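Letter by letter, the chains look like this.
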Amino acid sequence: RTEDVQAVFARSLPYLVSVDSPEEGVRGYRQDTRFSLGEAAQLLAKAFPKLNVTPEGLQKTLVIASHTATGRVESLLLCDGQVDATDFRTALGLRSTMFTFTMDADSITFHQTGYGHGVGMSQAGANRMAADGNVYEEILSHYYPGTTLEKQ
């Protein structure tokens, strides 16, 4: 599913709502990104200097605190505080906030689905719809419900 604009940008727009998006099976739809705990802690400490992020603290305290209605991570508990998932994603250069993670004694791996913030038209979903025979009017009306196309 795409994401409702309000979940990402804290404002509501009637044509940027969550809709189904046929992306499963698209190349690059799922991707894993691995960091050493030291590397992840260094990047997160730079992004969140008030949280005293260390490799040990990261390993003991990193928890997904909340999800959006579409299943994307909304916030995480990290060392001495709670962080927004969009900021966390940016700090680590992750592809998406739709992720889970696994951790061992030396590393953390993020298992990501999709690419980007998820709001609006998905390029992968639109390509899949086109390959399935949908024309551009159908694709646009699917991703932007309630809108109409007009010639100017």
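Our subject is the structure listed above.
Everything numeric in this text was worked out from a predicted model, so none of it was measured. (Residues numbered from 1 in each chain as written. Predicted model: local features only at pLDDT ≥ 70, side-chain atom pairs only at ≥ 80, totals over all residues. Heavy atoms only, no water.)

So what about the layout of surface pockets? Which residues, and what values?
Here the largest pocket is characterised by a volume of approximately 560 Å³. For the largest pocket, the lining is made up of 26 residues, of which E23, Y115, S122, Q123 and A124 are closest to its centre. Among the elements that make up the lining of the largest pocket, the one with the highest residue count is helix α5 (residues 123-131) (four residues). Within the lining of the largest pocket, the residues separate by chemical class into seven nonpolar, 13 polar and six charged. When its volume is computed, the second largest pocket comes out at roughly 170 Å³. The wall of the second largest pocket is formed by 16 residues, among which A7, V8, V73, D84 and T86 lie closest to the centre. When residues of the lining of the second largest pocket are assigned to their parent elements, the largest contribution, four residues, is made by helix α1 (residues 5-9). Taken together, the residues of the lining of the second largest pocket sort by class into six nonpolar, five polar and five charged. (1 Å grid on protein atoms, 1.4 Å probe; cavity = no way out; pocket = protein on both sides within 12 Å on 5 of 7 lines; lining within 4 Å. Points joined across faces, edges and corners; volume = space filled by probe spheres on them. Helix = DSSP H or I, 4+ residues; strand = E, 2+ residues; numbered from the N terminus. Nonpolar A, V, L, I, M, F, W, Y, C, P; charged D, E, K, R; others polar.)

Can you tell me about the pattern of salt bridges, naming the residues and giving the values?
Throughout the structure, instances matching the rule amount to two salt bridges. Note that D20 and R1 form a salt bridge whose closest N and O atoms lie 2.6 Å from each other. Separated by 19 residues along the polypeptide, D20 in the loop between α1 and β1 (30-36) and R1 in the segment before α1 bring together distant segments of the chain. Of the charged contacts, one joins R72 and E3 as a salt bridge, the two residues approaching to 3.9 Å between their closest N and O atoms. In this pair, R72 is assigned in the loop between β2 (63-67) and β3 (73-78) and E3 in the segment before α1, connecting sequence segments 69 residues apart. (Salt bridge = Lys/Arg side-chain N within 4 Å of Asp/Glu carboxyl O.)

With reference to specific residues and values, describe helix α2 (residues 37-47).
Taken residue by residue, α2 has L37, A40, A41 and L44 as its buried positions. Buried residues of α2, viewed axially, fall in a sector of 100 degrees; they line one side. Opposite the buried face of α2, at more than 90 degrees from it, the exposed residues are Q42 and K46. Each element contacted by the buried residues of α2 is listed here: β1, α3 (55-61), β3, α4 (85-92), β5 (99-103) and β6 (107-113). (Buried < 20%, exposed > 50% of the residue type's maximum accessible area, 1.4 Å probe, protein only. Arc of directions from axis to C-beta. Contact = heavy atoms within 4.5 Å.)

Pulling in residues and values, what's your account of unusual backbone geometry?
The backbone phi angle of A10 is positive, close to 55 degrees, even though this residue is not glycine. Positionally, A10 belongs in the loop between α1 and β1. The class for A10 is exposed, based on a relative accessible area of 68%. Positioned with a positive phi, C79 is a non-glycine residue whose angle comes to about 50 degrees.

As far as function goes, none of this settles anything; it's purely spatial.
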